[in-house]
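So you can see what is in the structure, the chains are spelled out below.
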Amino acid sequence: MGRPREFSDEAVVDAAMEVFWEKGYEATSTHDLCARTGLGRGSLYNAFGSKHHLYEAAIRRYADTWAQAQLEMLDRPGPVRQRLRELMLGVIDADMSDPGRRGCLALNAATESSGRTESVAALVHRQFADLEQAVLRLVRVGQGSGELSSGRPPEQVARAFQSAYYGLRVLAKVTDDRDALLDVVEGAVAAL
């Protein structure tokens, strides 16, 4: 019978998530993961199997925390346009206040080819699909109440908004021009 673990899997995944988010999959070394988690290489690999399995766990953790918080923002009461605007304003605030300008871990994982496998692509796709469905629900509510125009299919409106949202996340990684980012928000909300 092996020794009981002296660490929390959740704490290790949280620490690993921060490293992957800061550096990306390829640039993250086992040494980086060991230093941040406080575990030795053997304990890390015994617990998680590989760097890639830990990366997958980190992406799942991101979905359960950061991405879930964004979905919850959309479930708050209030006008549809206001909720969608607040989602985008919230990510501007988060992204611009982050000194490392890490952006969205799921978007980073989708665009970094070195760590992208079928399993990572599926995890990221799930996050993108969850956001699309949440926005689609809001668009349908807004079109049904007359707050939003019903001149376009709700799926098209939701997907256009989601594209603006992810574009905003990328722009926020490389610009300090808050006004330019606010223009993206206002343009996306006006197009609803």
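The notes below deal with the structure included here. (Residues numbered from 1 in each chain as written. Predicted model: local features only at pLDDT ≥ 70, side-chain atom pairs only at ≥ 80, totals over all residues. Heavy atoms only, no water.)

The next thing to look at is the overall build of the chain. A tally of regular secondary structure across the chain gives nine helices and zero strands. Relative to its full complement of 192 residues, the chain shows a buried share of 44%. Total accessible area on the chain stands at roughly 9900 Å², and carbon and sulfur atoms take up 52% of it. Counting 23 positive and 27 negative side-chain charges, the chain places the averaged centre of each group 3 Å from the other. (Helix = DSSP H or I, 4+ residues; strand = E, 2+ residues; numbered from the N terminus. Buried < 20%, exposed > 50% of the residue type's maximum accessible area, 1.4 Å probe, protein only. Areas by Shrake-Rupley, 256 points an atom, 1.4 Å probe, with all protein chains shown as cover. Lys, Arg positive; Asp, Glu negative; His and termini not counted. Charge placed at Lys NZ, Arg CZ, Asp CG, Glu CD.)

A positive phi angle is found at Arg101, which is not glycine, with a value near 45°. Mapped onto the elements of the fold, Arg101 is located in the loop between helix H5 (80-97) and helix H6 (105-111).

The subject of this paragraph is the pattern of salt bridges. Within the structure shown, the criterion is met by 13 salt bridges. Across the pair Glu186 and Arg85 runs a salt bridge, and its minimum N-O distance is 3.1 Å. One end of the pair, Glu186, is in helix H9 (residues 178-190); the other, Arg85, is in helix H5, and 101 residues separate them in sequence. Since its relative accessible area comes to 26%, Arg85 is described here as partly exposed. Among the salt bridges present, the one from Arg101 reaches Asp176, with a minimum N-O distance of 2.7 Å. Taken together, the positions of Arg101 in the loop between H5 and H6 and Asp176 in the loop between helix H8 (154-174) and H9 put the pair 75 residues apart, joining distant regions of the chain. Residue Arg101 is classed as buried on the basis of its relative accessible area of 17%. (Salt bridge = Lys/Arg side-chain N within 4 Å of Asp/Glu carboxyl O.)

For the structure on display, the rule yields seven aromatic pairs. A ring pair is formed by Trp21 and Trp66, whose centres lie 5.1 Å apart and whose planes are at 80°; its orientation type is edge-to-face. Taken together, the residues Trp21 in helix H1 (residues 9-23) and Trp66 in helix H4 (residues 51-74) connect sequence positions 45 residues apart. The class for Trp66 is partly exposed, based on a relative accessible area of 41%. Aromatic rings pair up to connect Phe20, Tyr25 and Tyr55 into one cluster. Over the ring of Tyr25 we find Lys51, and its NZ or CZ is 4.3 Å from the ring centre. Note that Arg102 overlies the ring of Trp21, its terminal NZ or CZ placed 3.8 Å from the centroid. (Phe/Tyr/Trp six-rings, centres within 6.5 Å; stacked < 30°, edge-to-face > 60°. Lys NZ or Arg CZ within 6 Å of the ring centre and 35° of its normal.)

What follows is about the side chain of Asp32. With respect to the element layout, Asp32 can be found in helix H2 (residues 30-37). Classification of Asp32 as buried rests on a relative accessible area of 18%. Here Lys23 takes part through its side chain, which lies 2.9 Å from a polar atom of the side chain of Asp32. Within the structure, Asp32 has its side chain in polar contact with the backbone nitrogen of Ser29 (distance 2.9 Å). Look past the residues within four positions of Asp32 in its chain and what remains in contact with it is Val19, Lys23 and Ala27. (Polar contact = N/O pair within 3.5 Å; in protein donor to acceptor, adjacent residues only side chain to side chain. Contact = heavy atoms within 4.5 Å.)

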